[in-house]
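Fold and geometry: a report
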Amino acid sequence: MQKRYVTIWFQSLTTDWFIRKQPGLKEIPFVLALPDHGRLVVTAANNLANKEGIEPGMAVADARTLISSLKVIDARPGLNSKLLKGFAEWCIRYSPYVAVDLPDGIILDASGCAHLWGGEKQYIFAISKRLRNFGYHIRIAIADTIGAAWAVSRFGKDNTIVEKDKQIHSLQSLPVASLRIEPATTEVLQKLGLYHVDQLTAIPRSALRRRFDAQVLLRIDQALGNIEELIQPVFPPEPYHERLPCLEPIVTATGIGIALQRLLNAVCHRLQQEEKGLRIADFKCYRIDGKIEKISIGTNRPSNSSKHLYKLFENKIDSIEPDLGIELFILEASKIEDLATVQEKLWDNKGLDDTALAELLDRIGGKVGNENIHRYLPAEHYWPERSFKPATSVIEKAAIAWKIDRPRPLQLL
């Protein structure tokens, strides 16, 4: 499967958060500031302040010469990383692999996810619409590589879909800063007249390697897909992990139960194939409002019976509050143990006249042939290897009981 990555750039993350908390700030210019060597320095400015030329790094005293009524708010150290982690957890509804990209972005590994929303266009539109409805100014892009998506989301057009294997064309006209090169190196490149990516890639690699550090070539290779770049997801998915997105929000206990049953069937089928059973499982429900409802179960012994596990979850389903609706269900088996296959009884108390047994044998016979189905009855003989005989039919009765009062030999001569 070809890799596809989505990058989301929060253009004014912390100021948008303050506006959400205090809606009145939307109509006035304000900045966030922290003390630095005896003076207040701007760390972030809202759009109204940006339009007047106020930028991060500027002294508050200088900013007030541009806007006398400028409102100054104490910045909260670490707020951006906290917000980004929260958004990354929220975006798990769109991809199981979501990573924080400090200081102002998140990255989604969207490989194999977009078709659940009807395509990549609908996929990134759904993400951007929800985040903008929360009140955040964002730019979003999707591409084969993290580097290409990052560059286009910040220096290209919004909601851009870079076609597969076309990342080189999307990067050519962008500035060299779009390659995530260090600011000092970017400044040197611009002094040499290298302003755009196509100018940089036209230079022989050997010349770039001699003149600049290895980071320049690394960033170029990552953006073009020559070197794979890995992300560190906020919550690495459990090895036994199943997801069920919903076309329409689920608000009823019946719908939640159906979703749980489907996920259990999928997980248990895999566990049975691998002769394993779960000991601890978590069922997570991602609500439209961003909150996550979770219920968990544990077992005394490993189990891969979906019916048994569903009964353990069943009593807890009522504790789930769907609110406006649940849009994603996730089942994670966080603790797995080996489970040897145990031979079960073919029938219990119903006997050979049971209709279900006859139907089962009919189905098996239709697949492997009736000549391959055998039943044996005890026979009187001193030789152990001759102490049984084939039955003529399923309903034939045994003339004597099986000899079980003495242990059978391990080997027959």
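Here's what I pulled together on the structure shown here. Source: prediction; values computed, not measured.

**Overview of the overall build of the protein chain**
- Along the backbone of the protein chain there are 14 helices and 14 strands.
- Taken against the 2.2 N^0.38 rule, which gives 22 Å for 413 residues, the C-alpha radius of gyration of the protein chain at 32 Å runs more than 25% over that of a compact globule.
- Across the 413 residues in the protein chain, those meeting the buried criterion constitute 42%.
- The long-range fraction of contacts in the protein chain, counting pairs at least 24 apart against all pairs at least 6 apart in sequence, stands at 58%.
- Of the roughly 24,400 Å² of accessible surface on the protein chain, a fraction of 53% belongs to carbon and sulfur atoms.
- Each charge class in the protein chain can be summarised by its mean position, and for the 54 positive and 50 negative side chains these summaries are 1 Å apart.

**Thoughts on the environment of Pro249**
- Examined against the element boundaries, Pro249 turns out to sit in strand β9 (residues 240-250).
- Distance in space between the C-alpha atoms of Pro249 and Asp323 is 10.0 Å, their sequence separation being 74 residues.
- Residues contacting Pro249, with those up to four places away along its chain left out, are Ile288, Leu324, Gly325 and Ile326.

**Comments concerning the sheet that holds strand β4 (residues 71-74)**
- Strand order in the open sheet formed by 3 strands is β3-β2-β4, with mixed pairing between adjacent strands. The open sheet has two edge strands with one neighbour each: β3 (39-45) and β4. Taking the axes of each pair of neighbouring strands and ignoring which way they run, one obtains an average angle of 45 degrees across the sheet.
- Across the sheet, helix α1 (residues 13-21) is in contact with β2 (30-36), β3 and β4; its angle to β2 comes to roughly 120 degrees.

**Quick look at the packing of α1 against helix α4 (residues 79-90)**
- For the pair α1 and α4, the least separation of the axes is 10 Å and the interaxial angle reads 80 degrees. In terms of their interaxial angle, α1 and α4 are classed as roughly perpendicular. Along the contact surface, α1 presents Leu13, Thr14, Trp17 and Phe18, while α4 presents Leu79, Asn80, Leu83, Leu84 and Phe87.
- Its residues assigned to classes, the contact of α1 with α4 comprises 7 nonpolar, 2 polar and no charged.

**Concerning the environment of Ile395**
- Tracing the chain through its elements places Ile395 in the segment after β14 (388-390).
- By relative accessible area, which is 53% here, Ile395 ends up exposed.
- In the structure, Ile395 is positioned 20 residues away from Arg375 in sequence and 9.9 Å away in space, judged by C-alpha atoms.

**Some details on the nonpolar core**
- Ranked by size, the top nonpolar core spans 41 residues in total, and within it Val6, Ile8, Phe10, Ile106, Leu108 and Tyr123 carry the most contacts.
- Mapped onto this core, the elements with two or more residues apiece are β1 (5-10), α1, β2, α4, β6 (105-109), α5 (120-133), β7 (138-143) and β12 (326-338).
- The leading source of residues in this core is α4, at 6 residues.
- Non-local contacts of Tyr123, meaning those with residues more than four positions away in its chain, are made with Val6, Tyr94, Ser95, Leu108, Ala110, Cys113, Ala114 and Trp117.
- Of all hydrophobic cores here, the second largest spans 25 residues; its members include Tyr240, Ile297, Tyr310 and Phe329.

**Describing the packing of aromatic side chains**
- Across all of its chains, the model carries 13 aromatic pairs by this definition.
- For the pair Phe10 and Tyr136, a centre-to-centre distance of 6.0 Å together with 90 degrees between the ring planes defines the contact as edge-to-face. Remark: Tyr136 occurs in the loop between α5 and β7 and Phe10 occurs in strand β1; sequence separation between them is 126 residues.
- Overall, Phe10 belongs to the buried group, its relative accessible area being 2%.
- Centre to centre, the rings of Trp90 and Phe134 are 5.5 Å apart; their planes meet at 70 degrees, and the pair counts as edge-to-face. Placement of the pair is Trp90 in helix α4 and Phe134 in the loop between α5 and β7, with a sequence separation of 44 residues.
- Given a relative accessible area of 6%, Trp90 falls into the buried group.
- A cation over an aromatic ring shows up here: Arg211 above the ring of Phe212, its NZ or CZ 5.3 Å from the ring centre.
- For the cation-ring pair, Lys284 lies above Phe235, with the distance from its terminal atom to the ring centre recorded as 5.9 Å.

**With respect to a positive patch on the surface**
- A surface patch of positive charge is lined by Arg20, Lys21, Arg76 and Lys82.
- Secondary-structure assignment places Lys82 in helix α4.

**Examining the sheet that holds strand β11 (residues 292-303)**
- Overall, antiparallel pairing links the 4 strands, which are arranged β9-β12-β10-β11 in an open sheet. Across the chains shown, the open sheet's two edge strands, defined by having one partner strand only, are β9 and β11. Mean inter-strand twist for the sheet, computed between neighbouring axes without regard to direction, equals 15 degrees.
- Relative to β12, strand β10 (residues 276-287) runs antiparallel, the two being bridged by 11 bridges. In the strand pairing of β12, Cys285 is matched with Phe329.

**Some details on the packing of helix α12 (residues 253-273) against helix α13 (residues 306-314)**
- It is at 9 Å that the axes of α12 and α13 come closest, and there the two elements cross at 140 degrees. With respect to α13, the axis of α12 lies oblique. The interaxial crossing formed by α12 with α13 has right-handed handedness. Within the contact between the two elements, α12 uses Gly257, Leu260, Gln261, Leu264, Asn265 and Cys268 and α13 uses Ser306, Leu309, Tyr310 and Phe313.
- In the contact of α12 with α13, the residues fall into 6 nonpolar, 4 polar and no charged.

**Notes on a nonpolar patch on the surface**
- A cluster of nonpolar side chains, Tyr376, Phe388, Trp402 and Ile404, forms an exposed patch at the surface whose accessible area comes to about 470 Å².
- Structurally, the position occupied by Phe388 is in strand β14.
- Residue Phe388 is classed as partly exposed on the basis of its relative accessible area of 38%.

The rules behind each value
- Residues numbered from 1 in each chain as written.
- Predicted model: local features only at pLDDT ≥ 70, side-chain atom pairs only at ≥ 80, totals over all residues.
- Heavy atoms only, no water.
- Helix = DSSP H or I, 4+ residues; strand = E, 2+ residues; numbered from the N terminus.
- Rg over C-alpha atoms; globule rule 2.2 N^0.38 Å.
- Buried < 20%, exposed > 50% of the residue type's maximum accessible area, 1.4 Å probe, protein only.
- Contact = heavy atoms within 4.5 Å.
- Areas by Shrake-Rupley, 256 points an atom, 1.4 Å probe, with all protein chains shown as cover.
- Lys, Arg positive; Asp, Glu negative; His and termini not counted.
- Charge placed at Lys NZ, Arg CZ, Asp CG, Glu CD.
- Pairing = 2+ DSSP bridges.
- Axes fitted to C-alpha atoms, helices over the stretch in contact; angles between N-to-C directions.
- Parallel < 35°, antiparallel > 145°, perpendicular 65-115°, else oblique.
- Nonpolar A, V, L, I, M, F, W, Y, C, P; charged D, E, K, R; others polar.
- Core = buried A, V, L, I, M, F, W, Y, C linked by side-chain atoms within 4.5 Å.
- Phe/Tyr/Trp six-rings, centres within 6.5 Å; stacked < 30°, edge-to-face > 60°.
- Lys NZ or Arg CZ within 6 Å of the ring centre and 35° of its normal.
- Patch = residues over 30% accessible without salt bridge, like charges linked within 9 Å, V, L, I, M, F, W, Y side chains within 5 Å.
- Salt bridge = Lys/Arg side-chain N within 4 Å of Asp/Glu carboxyl O.
- Left-handed = near helix turned anticlockwise from the far one by under 90°.

Keep in mind that these numbers describe shape and distance, not what the molecule does.
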